[in-house]
Structures are given as structure tokens and as C-alpha cells.
Amino acid sequence: MSFEKKILCIGAGYVGGPTMTVIADKCPQHKVTIVDINEEKIAAWQTDDLPIYEPGLLDVVKRTRGKNLFFSTDIPKEIDEADIIFVSVNTPTKTFGEGKGKASDLQYLEKTAHAIVEASNSSKIIIEKSTLPVRTAEALEKILNSNDKGIHFDVISNPEFLAEGTAIHDLENPDRVLIGSRETEEGLKARQTIVDIYKNWVSDERIIRSNVWSSELSKLVANAFLAQRISSINSISALCEHTGADVSEISRAIGADSRIGNKFLNASIGFGGSCFKKDILNLVYISESLGLTEVAEYWENVIKMNDYQEKRFVKRMLSTMFNTLANKKIVLFGFAFKANTGDTRETPAYYVAKMLLEEHANVYITDPKALKNAKIDLAEFGNRIKYVDDPYEAAKDADAVAIMTEWDLYKELDYKKIHDGMRKPAHIYDGRNILDHSKLKEIGFDTHVIGKHSDNI
Ligand code: UDX
Ligand code: ADP
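Residues numbered from 1 in each chain as written. Chains lettered and ligands numbered in written order. Predicted model: local features only at pLDDT ≥ 70, side-chain atom pairs only at ≥ 80, totals over all residues. Heavy atoms only, no water.

Draft legend 1. Local environment of the site of ligand 1. Taken together, 20 residues surround ligand 1, and among them Phe161, Glu164, Ser268, Phe337 and Arg432 come closest. One of the backbone N or O atoms of Glu160 is found 3.3 Å from an oxygen atom in ligand 1. Contacts to ligand 1 include Lys338, whose side-chain N or O atom sits 2.8 Å from an oxygen atom. Within the complex, the protein chains bury 91% of what would otherwise be the 660 Å² of accessible surface of ligand 1. Take the shell around ligand 1: its biggest share by element is 4 residues, from helix α9 (residues 212-241). Here the shell around ligand 1 is composed, by residue class, of 11 nonpolar, 4 polar and 5 charged. Mapped onto the domain boundaries, the shell around ligand 1 takes at least three residues apiece from domain 1 (6-202) and domain 2 (223-456). (Near = heavy atom within 4 Å. Polar contact = N/O pair within 3.5 Å; in protein donor to acceptor, adjacent residues only side chain to side chain. Areas by Shrake-Rupley, 256 points an atom, 1.4 Å probe, with all protein chains shown as cover. Helix = DSSP H or I, 4+ residues; strand = E, 2+ residues; numbered from the N terminus. Nonpolar A, V, L, I, M, F, W, Y, C, P; charged D, E, K, R; others polar. Domains from an automatic or database assignment.)

Pasting the structure below:
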């Protein structure tokens, strides 16, 4: 079968995998290939045991795989054949050198750019899908276009706004698609090519065209604003715990104002995930580099508030469990950074588990999808942490249960049964505000909730 265009994605991770699968599904006229240096990952994408858990993803993969969606590790061959290349490699926070702990580590991106130049024999459109610091396109253009093959690359910024756990829905029904380009004749032509891909399922008014720098920076800013909302409501949750106010009631009251809106106002143990912290740190680093100290400090506080929220949670456990956690069995219900994903990157549960170990607690973790990643993340602690599939089993003889992830499963458990099996006094800490607190209190739990004084339950 002949295809109109050959679209390649370099990087088969949480962003590249679902995004390109949906593009393949919506554009049967194009051939979509996903490559990765990680052979195991590429092999897994070709089975029904996909390398990432995302509701609905397997159905879309099954519809497209082998028809117009392909996976490969032959990166040079696929680069050479492609008309359009999405770059979706990881850009973690630097762990060394200048900008350590803040700046983005662009080594994988740069390697990819060099791989593209080496393998290409024709001009192509290159799309930044990974989140990148503003003005990265300039560096990419420089690497790509300083070739002596007489070929030209147009660099487009098309950041991905999907959230994990709802990726397929977000990709199929995006609030907006952002496509930034150079505003030259060539740049605009390349931009239109990408617009035409999305037009297969996204209405034109939801496709935002901008210059390439606005597009790059918008992604960082969107994540910074979302994270800021969580830190803002979490700061208020601390205030609520010392007054008679209830943070859930506050969220409802302020969210009813259409200017504020009711989404992203759930107080919690803190935000996790691969994006928020990394992107804000990146924003802080860029601002510092430009001498914009006040701007840098402003955004850095969003992260400080998040760290404070995690620490506060453990401190509260300590103070309500008679100032000692040593040898107490504490069970974390959930380890994923949010529900409906197995992803544990930057999960608050990791920091909580570490702090509990520092207090010499016996830590048990249960999670329906994230135990494999939890074991990898916490490998350094060996058998000081126990991993248990069944939450009832995990909670047996425990002193405390702490809700870390808002899995629906945890809302539906029989807490009477859990209470019966625990040591008394049995404590429960709802780090996600998802349980029926007055019922828990009735059962006999010492109940502790984010943003609510225990006397008010
Ligand atoms: C985020 C952005 O939402 C998405 O647009 C971007 O592309 C990537 O980063 P993601 O990290 O997958 O997506 O999940 P998100 O739903 O934003 O949640 C991030 C964290 O915030 C989670 O730990 C979640 O539990 C927490 N959160 C979210 C809260 O604590 N309270 C809320 O009200 C909402
Ligand atoms: P994200 O959440 O941004 O998708 P992931 O870490 O899940 O991040 O995915 C990034 C993917 O990019 C990984 O599977 C990694 O193996 C892949 N990758 C990194 N560098 C390269 C490279 N030079 N060539 C091909 N794939 C790469």
C-alpha cells in the first residue's frame, strides 16, 4: 500500500507512543513509524503487554499496528525514509555541571539532531514534541542545517498537552493544538503541513498557530500555571488544618467563580509527574540566566510549596502517632503519581516513603499498576520496603494507612474489614481527599485529612 506521507517519531515513551498511535488512527493515509534506542521498549510495543499503562491505548494500538503504525529500532533507515519527524526523546533535568538540578539536559535531543543529519538524504520537517527550553529550535536548526548535503530542515514546535491517565481522550479531543514555526515562507509552509495532519480530526479553531518561541514557552507556562494552582490550594490546605475551614469547601466555593474555574483545585500530598517540577525548574533556570531574579523566585516558590506539602504530610503522621513512627507498620495505598497510570516519576509517594524510612517505620506499598516501577525507584532500600498487590493483605496489622494515589479502587474498599485487621488505634491519612471521612471515623479510624482539622470530621 502506498502512503501519502511517511511520519516518523523518535522516542517511544509516555508522550511519543500514545501521540503517534492516535495520529496513525486518525490519518490512515499516512504511514507512522515509531523508533527508539531502547530495543526492549520497541519489542513491547509490538505485543499486547505495552511498555506503558494508559487506559484505551491498547485498543488504538490494535486498530493501527501493522496497518499504518509500525515500530522499529532501525533508526537511520527510518529517518532517511521519513518526510516528517517528531522528536519525542526525554529531556530530563540536568544532574551535573552548569544548571545542575534546574536546566534541561538536552544531550538526547542533540544526539537525535545529529542522527537526523547523518541519516538524511532529503529535506524534512522536524517537530519538537518533547518539552524544551525556549529557543531550542534555534540550536536544532543550527545543527540540522549546517550540513553539506544540500538539504534543508524546517523546525516546528508542537508541544504535547496530554495528561497521563487520560492521554487517549486528550489526544482525540484536545482543548487546543499548538503549532509554532518561523514566520518565513518556508516556515509557514511547513507549519501548514503539520496543521493539515491535525485537521484530520481537530477543528480549525482549536489549532493555534504562533511563532516558534511562543509555542516553546507556552508549554512551560501551561505546566507552571497548572502546578501553581495546586500549590496555591495546598498552601490554603495548611491554613485550613489550623482553622475551622475545610479546603474542599473552599475549592468548591472559589471554583464556582467562572473566572477561577473548578478544575485543578484538589488539595493533595502534592503534584508529581515528569512535567511540572522539571518544567518549572527549567523556567526558573531560564529566568535566572536572563537576570530575571524576581521571576525566577516567584516560580521557584511553587516547587517549594510542593516540597513543604509532602514534608507536612509526614510531620502530621508523626505528631498524630505520638511522635514516633519507629517500627510502626505504615501502608501506602498507591505509588503512582496520579490515578490510571503506572508512571511513578516524581511521585510524592516516593518522598513520603523515604521520609517514613528515615523515621524507621516499616513501609508497605500497594498499587494496582505501579508496583513494578516502585520497586525500581526504591531499589536502594532493598527489603526494608514490602510490596503487596492486595490492599487488604497489605493493611493487615498496620498502624496506619495513607492514601497516596486517587485510584477509584481505594474509594470502593471495605474499610470496616481493613480496620478490623489493623492494630489499634488504627490511623488513616487521606492524602487525596477521596474517602468518606465521617464514615471512617464512625468505623473507629483516627482519621486525618488534607486541609481539614480532625475535629471537623
Ligand atoms: C501534566 C499536564 O496536565 C499536561 O497538560 C502536560 O502535558 C504534562 O503535565 P500529567 O503530569 O500527566 O500532565 O498529570 P496532571 O493531571 O496534570 O497531574 C499532575 C499532578 O498534579 C499529579 O500528581 C496529580 O495528582 C496532581 N494534582 C492534579 C493535584 O494534586 N490536584 C489537582 O487538582 C490536580
Ligand atoms: P516522555 O514522557 O517525554 O515521553 P520517556 O522517557 O517516556 O519521556 O520517553 C522518551 C524516549 O526517548 C525513551 O523511550 C528513550 O529510550 C527514547 N530516546 C532517548 N534518546 C533517544 C535517541 N537518541 N534515539 C531514539 N530514542 C531515544
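After that view of the structure, there is still more to cover.
Draft legend 2. Fine view of helix α13 (residues 348-358). Burial runs high along α13: 8 of the 11 residues are buried. Of all the residues in α13, the buried ones are Pro348, Ala349, Tyr350, Val352, Ala353, Met355, Leu356 and Leu357. For α13, the elements touching its buried residues are α12 (293-320), β9 (329-333), β10 (362-366), α14 (371-377) and β11 (385-387). In the stretch just after α13, His360 is the one whose phi turns positive, near 65°. (Buried < 20%, exposed > 50% of the residue type's maximum accessible area, 1.4 Å probe, protein only. Contact = heavy atoms within 4.5 Å.)

Draft legend 3. Up close: the nonpolar core. Residues Ile23, Phe86, Ile194 and Tyr198 are the most contacted members of the largest nonpolar core, which totals 39 residues. It is helix α8 (residues 185-198) that contributes the most residues to this core, 5 residues altogether. Of all hydrophobic cores here, the second largest spans 34 residues; its members include Ala267, Leu357, Leu371 and Ala402. (Core = buried A, V, L, I, M, F, W, Y, C linked by side-chain atoms within 4.5 Å.)

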